[in-house]
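# What the coordinates show
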Amino acid sequence: MSAPGYSSPPNQPLFPQPGGHAAPPYPVPAGGYGDPTQAPAPGFNMGYNPGQPPVMYQPGPAPGQGLEYGGMPMGISPAPVGVGVPPGLEYLTQIDQVLIHQKVELLEAFIGFETNNQYEIKNSLGQKIYKAKEKNDCCTRNCCGSLRSFDMKITDNMDREVIRLIRPFRCVSCCCPCCLQEMEVQAPPGTTVGFVKQDWHPFLPKFSIQGADGQTLLRLEGPCFACNCCGDVNFELKGKDGDQSIGRISKQWSGLLKEVFTDTDNFGIQFPMDLDVKIKAVLMGACFLIDFMFFEKVGEANQRSSVFS
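Rules and cut-offs
- Residues numbered from 1 in each chain as written.
- Predicted model: local features only at pLDDT ≥ 70, side-chain atom pairs only at ≥ 80, totals over all residues.
- Heavy atoms only, no water.
- UniProt positions renumbered as here; feature names shortened; annotations may be inferred.
- Helix = DSSP H or I, 4+ residues; strand = E, 2+ residues; numbered from the N terminus.
- Buried < 20%, exposed > 50% of the residue type's maximum accessible area, 1.4 Å probe, protein only.
- Contact = heavy atoms within 4.5 Å.
- Areas by Shrake-Rupley, 256 points an atom, 1.4 Å probe, with all protein chains shown as cover.
- Expected span 1.5 Å × (residues − 1).
- Polar contact = N/O pair within 3.5 Å; in protein donor to acceptor, adjacent residues only side chain to side chain.
- Phe/Tyr/Trp six-rings, centres within 6.5 Å; stacked < 30°, edge-to-face > 60°.
- Lys NZ or Arg CZ within 6 Å of the ring centre and 35° of its normal.
- Core = buried A, V, L, I, M, F, W, Y, C linked by side-chain atoms within 4.5 Å.
- Salt bridge = Lys/Arg side-chain N within 4 Å of Asp/Glu carboxyl O.
- Pairing = 2+ DSSP bridges.
- Lys, Arg positive; Asp, Glu negative; His and termini not counted.
- Axes fitted to C-alpha atoms, helices over the stretch in contact; angles between N-to-C directions.

The protein chain carries the name Phospholipid scramblase in an unreviewed UniProt entry, which gives Characodon lateralis as its organism. Quoted verbatim from the Cofactor (unreviewed entry) field of UniProt, the annotation for the protein chain is "Ca(2+)". For the protein chain, the Sequence similarities (unreviewed entry) comment in UniProt is given as "Belongs to the phospholipid scramblase family."

Below is the structure:
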């Protein structure tokens, strides 16, 4: 009888082992990979072929669970489908934090020509679970700067669009409380699951995290000067009454050279494990909105550091 995921050729001899025991009737992998009955480490591809690009699937098992043989490439099974969970967001039900890394755009770094922002969204182990790309036209990007409107598509590791973020053009000043920043979050595209709306305040960046019906469920509050000089900038996630902190969105310090010479930002989002998966998607949208409002650089312009500009 062969082990799961391995085929045993007919009449294959058994290899003698110390102590008189015989090896299982399947070929021993070359290179000394260890005991084949033990699950490989995360990211290990049992069926790797150097002539083909690796295929990555959504990480499925919850932290601490073993990986199964005979499944999909890299030994990672798809996440189970939950009731009421938008397709493609199943994995978010198993985690309480995500990391967002903006990709370096060489054209933008060297000549200052604004390009569409691209991001990688990872779990706490550094495994890529989603990727995001801004979509708009060249004129909007270079004329409207960080205030520009855009659609952002978030796709999974099989290039299926699972979330769409829609940001209309709005001003960013406490002098215009009737036209503040907002973002609509759809999951799947075409189905609104929530909104991120800036709340008017004379000197603090505040946001309301709303459901599909427009009811405020959570609030975000940042520091007066969102400037990360050798340290992280934290936007605290609180209940709708704004009293107790239950998570945060952090702009992480990525080093002097990256901060000064490139427009690449790193963020971390922490939220309760049992938070509605749709609201987790809305918080991801809030992170992108915060990035554009306070940390996006266009050409020679400095980063935005407060609600006054």
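In this section: the overall build of the protein chain. Along its length, the protein chain carries four helices and twelve strands. Looking at the protein chain as a whole, 42% of its 309 residues are labelled buried. A sequence separation of at least 24 residues applies to 45% of the contacts in the protein chain between residues at least 6 apart. Only carbon and sulfur atoms are counted for the fraction: they give 57% of the accessible area of the protein chain, which is about 15800 Å².

Right, let's talk about helix α4 (residues 277–295) for a bit. When the terminal C-alpha atoms of α4 are compared, their 26 Å separation across 19 residues agrees well with the 27 Å that a helix rising 1.5 Å per residue should span. Among the 19 residues of α4, 18 are classified as buried, and the element is accordingly described as predominantly covered. With a side-chain oxygen positioned 3.1 Å from the backbone nitrogen of K278, the residue opening α4 is D276.

Right, let's talk about the packing of aromatic side chains for a bit. For the structure shown, the criterion picks out five aromatic pairs. Aromatic pair F235 and F294: ring centres 5.9 Å apart, planes at 40°, arrangement tilted. Taken together, the residues span a long stretch of sequence, with F235 in strand β10 (residues 233–239) and F294 in helix α4 at a distance of 59 residues. The exposure class of F294 is buried, given its relative accessible area of 1%. Aromatic side chains F267 and F295 sit 5.9 Å apart centroid to centroid with 70° between the ring planes, which places their arrangement in the edge-to-face category. Of this pair, F267 sits in strand β12 (residues 266–270) while F295 is found in helix α4, placing the two residues 28 residues apart along the sequence. The same class applies to F267 as to F295, namely buried. In this structure, K197 packs its charged tip against the face of F195, placed 5.5 Å from the ring centre.

Before going further, it helps to examine the environment of S250. Tracing the backbone shows S250 in strand β11 (residues 245–252). Of the residues examined, S250 reaches a relative accessible area of 9% and is grouped as buried. Distance from S250 to G222, taken between C-alpha atoms, is 9.6 Å for residues 28 residues apart in sequence. Contacts of S250, omitting those with residues within four sequence positions, involve V233, N234, N266, F267 and G268. Among the polar contacts made by the side chain of S250, one reaches the side chain of N234 at a distance of 2.7 Å.

Our focus in this paragraph is the nonpolar core. By size, the foremost hydrophobic cluster in this structure holds 50 residues, and its most contacted members are L89, I154 and I163. At 15 residues, α4 tops the list of elements feeding residues into this core.

Before going further, it helps to spend a moment on the pattern of salt bridges. Summed over the entire model, instances satisfying the criterion amount to eight salt bridges. Note that K122 is salt-bridged to E120, the shortest N-O span being 3.7 Å. The partner of K131 in a salt bridge is D159, with the nearest N and O atoms 2.8 Å apart. In this pair, K131 sits in strand β3 (residues 128–135) while D159 sits in the loop between β4 (150–155) and β5 (161–167), placing the two residues 28 residues apart along the sequence. You can call K131 partly exposed: its relative accessible area is 32%. Its relative accessible area of 53% is what places D159 among the exposed residues.

Right, let's get into the pairing of β5. For β4 and β5, the ladder comprises six bridges, and the chain directions are antiparallel. Across the sheet, residue F150 finds its bridge partner in β5, namely R167. In sequence, β4 turns back onto β5 through a hairpin of five residues, with D159 there showing a positive phi of about 65°.

Now for the side chain of K280. Checked against the element boundaries, K280 lands in helix α4. An unpaired buried charge is present at K280: no salt bridge exists, and D274, the closest side chain of opposite charge, is 7.2 Å distant. With sequence-adjacent residues up to four places away left out, K280 is seen in contact with L92, T93, I95, F271, P272, M273 and L275.

As summarised here, the arrangement of the twelve strands in space is β1-β2-β3-β4-β5-β6-β7-β8-β9-β10-β11-β12, forming a closed barrel in which the pairing is antiparallel. Along the sheet, successive strands turn relative to each other by an average axial angle of 20°, direction set aside.

Our focus in this paragraph is unusual backbone geometry. In the segment running from A187 into P188, the intervening peptide bond is cis, with an omega of -5°. Its location among the elements puts P188 in the loop between β6 (182–186) and β7 (192–199). At D159, a position not held by glycine, the phi torsion is positive, near 65°.

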